[in-house]
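Secondary and tertiary structure notes
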Amino acid sequence: MAEVVLKKISKQYENGVYAVKDVNIEVANKEFMVLVGPSGCGKSTTLRMIAGLETITSGELYIDGALMNDVSPKDRDIAMVFQNYALYPHMSVFENMAFGLTLRSFSKDEIKKRVHDAAEILGLTDYLDRKPKALSGGQRQRVAVGRAIVRKPKVFLFDEPLSNLDAKMRVQMRTEISKLHKRLEATMIYVTHDQVEAMTMGDRITVMKDGFVQQIDTPLHLYTKPVNRFVAGFIGSPAMNFITGKLAVVDNEIRFKEESGDLDLHLPDSLPAIFKSKIGSKVVLGIRPEDIHVSFQESESMVKGQALVEVVEPMGNEVFIYLNSALTGTAGTAMVSRSAIRTIPTPGMVLPIGFDTGKLHFFDAESGLVIQE
Ligand code: ADP
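Please read all numbers here as calculations on a predicted model, not as lab measurements.

**Focus: the site of the ligand**
- Looking at the ligand, the residues that line it are Tyr13, Asn15, Ala19, Pro38, Ser39, Gly40, Cys41, Gly42, Lys43, Ser44 and Thr45.
- With respect to the ligand, the backbone of Cys41 contributes an N or O atom lying 3.1 Å from an oxygen atom.
- Considering the ligand on its own, with 560 Å² of exposed area, one finds that the protein chains cover 62% of that surface.
- No other element matches helix α1 (residues 43-51), which puts three residues into the shell around the ligand.
- When grouped by side-chain class, the residues that make up the shell around the ligand number four nonpolar, six polar and one charged.

**As for the environment of Asp159**
- Structurally, the position occupied by Asp159 is in strand β7 (residues 155-159).
- Residue classification places Asp159 among the buried positions, given a relative accessible area of 11%.
- The residues touching Asp159, leaving out its near neighbours within four places in the chain, are Ser44, Leu47, Met80, Val81, Phe82, Gln83 and Val191.

**Comments concerning the environment of Met33**
- Checked against the element boundaries, Met33 lands in strand β3 (residues 32-36).
- The exposure class assigned to Met33 is buried, which follows from its relative accessible area of 0%.
- Residues Met33 and Ile189, 156 residues apart in the sequence, show an inter-C-alpha distance of 4.9 Å.

**So, the sheet that holds strand β4 (residues 58-63)**
- Strand order in the open sheet formed by four strands is β2-β1-β4-β5, with antiparallel pairing between adjacent strands. Sheet topology places β2 (18-27) and β5 (66-67) at the edges, where each strand pairs with a single neighbour.
- With two bridges joining them, β4 and β5 adopt antiparallel strand pairing. Pairing of Tyr62 across the sheet is with Leu67, part of β5.
- Each of β1 (4-12), β2 and β4 touches α1; the most contacted strand, β1, lies at about 120 degrees to it.

**Section: the nonpolar core**
- One finds Met97, Phe158, Tyr190 and Val207 to be the most contacted residues of the largest nonpolar core, which totals 43 residues.
- Sequence-distant contacts of Tyr190, defined by excluding residues within four places in its chain, comprise Phe32, Met33, Val34, Leu35, Phe158, Pro161, Leu162, Ile177, Glu197 and Met201.
- The next biggest cluster of nonpolar side chains, apart from the first, holds 29 residues, and it includes Leu265, Leu323, Ile353 and Phe362.

**A look at helix α3 (residues 108-122)**
- Across its 15 residues, α3 extends 21 Å between first and last C-alpha, which sits within 8% of the 21 Å expected from 1.5 Å per residue.
- At the exit of α3 stands Gly123, carrying a positive phi of roughly 70 degrees.

**Notes on the pattern of salt bridges**
- In this structure the tally under the stated criterion is 17 salt bridges.
- One salt bridge in this structure joins Glu31 and Arg204, with 2.5 Å as the shortest N-O distance. Taken together, the positions of Glu31 in the loop between β2 and β3 and Arg204 in strand β9 (residues 204-209) put the pair 173 residues apart, joining distant regions of the chain.
- The class of Arg204 is partly exposed, set by a relative accessible area of 24%.
- We note a salt bridge from Asp364 to Lys278, for which the minimum N-O separation is 3.2 Å. Taken together, the positions of Asp364 in strand β20 (residues 361-364) and Lys278 in the loop between β13 (264-266) and β14 (282-287) put the pair 86 residues apart, joining distant regions of the chain.
- If you follow the salt bridges from partner to partner, you end up with Lys11, Arg48 and Glu54 in one network.

**Quick word on the environment of Lys246**
- With respect to the secondary-structure elements, Lys246 resides in strand β11 (residues 241-250).
- On a C-alpha basis, the gap between Lys246 and Gly286 in space is 13 Å, while along the polypeptide they are 40 residues apart.
- Dropping the residues within four chain positions of it, Lys246 is found in contact with Arg255, Phe256, Lys257, Gly280, Ser281 and Lys282.

**Here's the deal with the sheet that holds β13**
- Read across the open sheet, the five strands follow the order β13-β12-β11-β14-β20; overall the sheet is antiparallel. The sheet is open, and its two borders are formed by β13 and β20, each paired with just one other strand. With strand direction ignored, the average angle separating the axes of adjacent strands in the sheet is 40 degrees.
- One ladder, built from six bridges, connects β11 with β14; its direction is antiparallel. Bridge pairing links Lys246 to Lys282 in β14.

**Here's the deal with the packing of aromatic side chains**
- This structure, assessed with the given rule, holds eight aromatic pairs.
- Ring geometry for Phe242 and Phe363: centres 5.9 Å apart, planes at 70 degrees, overall edge-to-face. With Phe242 in strand β11 and Phe363 in strand β20, the pair connects residues that are 121 residues apart, well separated along the chain. Like Phe363, Phe242 is buried.
- Taken together, the ring pairs in this structure connect Phe32, Phe156, Phe158 and Tyr190 into an aromatic cluster.
- Of note, Arg229 hangs over the ring of Phe242, and the distance from its end group to the ring centre comes to 4.5 Å.
- Taking NZ or CZ as reference, Arg288 lies 3.8 Å from the ring centre of Tyr223, over its face.

**Remarks on the side chain of Ser337**
- By the element assignment, Ser337 lies in strand β18 (residues 334-339).
- Owing to a relative accessible area of 0%, Ser337 belongs among the buried residues under this scheme.
- For Ser337, the residues in contact, after removing those within four places along its chain, are Pro289, Ile292, Val294, Val319, Phe320, Ile321 and Leu323.

About the criteria used
- Residues numbered from 1 in each chain as written.
- Predicted model: local features only at pLDDT ≥ 70, side-chain atom pairs only at ≥ 80, totals over all residues.
- Heavy atoms only, no water.
- Near = heavy atom within 4 Å.
- Polar contact = N/O pair within 3.5 Å; in protein donor to acceptor, adjacent residues only side chain to side chain.
- Areas by Shrake-Rupley, 256 points an atom, 1.4 Å probe, with all protein chains shown as cover.
- Helix = DSSP H or I, 4+ residues; strand = E, 2+ residues; numbered from the N terminus.
- Nonpolar A, V, L, I, M, F, W, Y, C, P; charged D, E, K, R; others polar.
- Buried < 20%, exposed > 50% of the residue type's maximum accessible area, 1.4 Å probe, protein only.
- Contact = heavy atoms within 4.5 Å.
- Pairing = 2+ DSSP bridges.
- Axes fitted to C-alpha atoms, helices over the stretch in contact; angles between N-to-C directions.
- Core = buried A, V, L, I, M, F, W, Y, C linked by side-chain atoms within 4.5 Å.
- Expected span 1.5 Å × (residues − 1).
- Salt bridge = Lys/Arg side-chain N within 4 Å of Asp/Glu carboxyl O.
- Phe/Tyr/Trp six-rings, centres within 6.5 Å; stacked < 30°, edge-to-face > 60°.
- Lys NZ or Arg CZ within 6 Å of the ring centre and 35° of its normal.

The following block contains the structure:
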């Protein structure tokens, strides 16, 4: 069992900056929890407070039900993997992996067994005598992970462990860490600024911004049910399209009239009643690129409009079409549609577009909160 609970945790640095404010997170036993958000949102500070590398200004941290606020890092039964690997250059791979166990006075036989077991899992058996400088970036990262594994900690903490690797190696290490998580059945908390890493690795994801938690949810829920505009825009690539406008009633129809471009959309009658209270207010319509269709049957359940094609990017299996909601191309909203259509449109064309009715998101223009019942 290794459950990690953060209760109203805040961190104020000496310079007065609040890096983290009232953070509540419950990481379940054996869960892979990702902390994600843009640079400076407080994710590393949160992880370092769990590790005991930063003091907690207020709030409580529990590991397995025990209060950890004043427990020293070495007594928390956690292991941390850093972005820069933090390997000792003068030591061999074996010695680097064994170092923490030697410090803790494990027997020579036990150290040998644990290092060899970890090396086997990570494919490092043939490299145990090498020094770090004779390894590739990916291998060094594996040694750093190995050093954590040999400790058999209750909780693994990862601080942007893949950001120094090239794109291909990052993808490979991503799946390796996911496999490792399944194999070790350990609780893992993983910090990254990369939403793709978060989406592909996390059982659940905590999205942070400006020191505050925005949403804690499964990857699928974050994608389909973002609670605010920030989460909606941060998760997903290309990002969700946002169109600012006003809700109005015309001839008994609820319409969305765009502020700057030419979109004037008849919204579905199935819209929840809460929208009635927003008539006349400024709202932001959110629609993901794959939910904007440029090719559809008239009978399909779509909110229909028109847009100007500005740029087309055929990717082979799909095409990205960059659209503008102003049919003259000036001052409208830039949007991107992503689909598998075969007939590629030409820039300059005005096309009928359809927004998938079930995939519309609406946000309050002031607060950014999702409008839903
Ligand atoms: P992230 O990991 O999400 O990039 P951090 O947790 O590193 O964010 O930082 C959160 C905020 O706290 C930032 O505004 C950063 O400038 C500030 N900060 C981080 N470390 C310190 C420090 N040692 N002293 C003062 N402010 C800090």
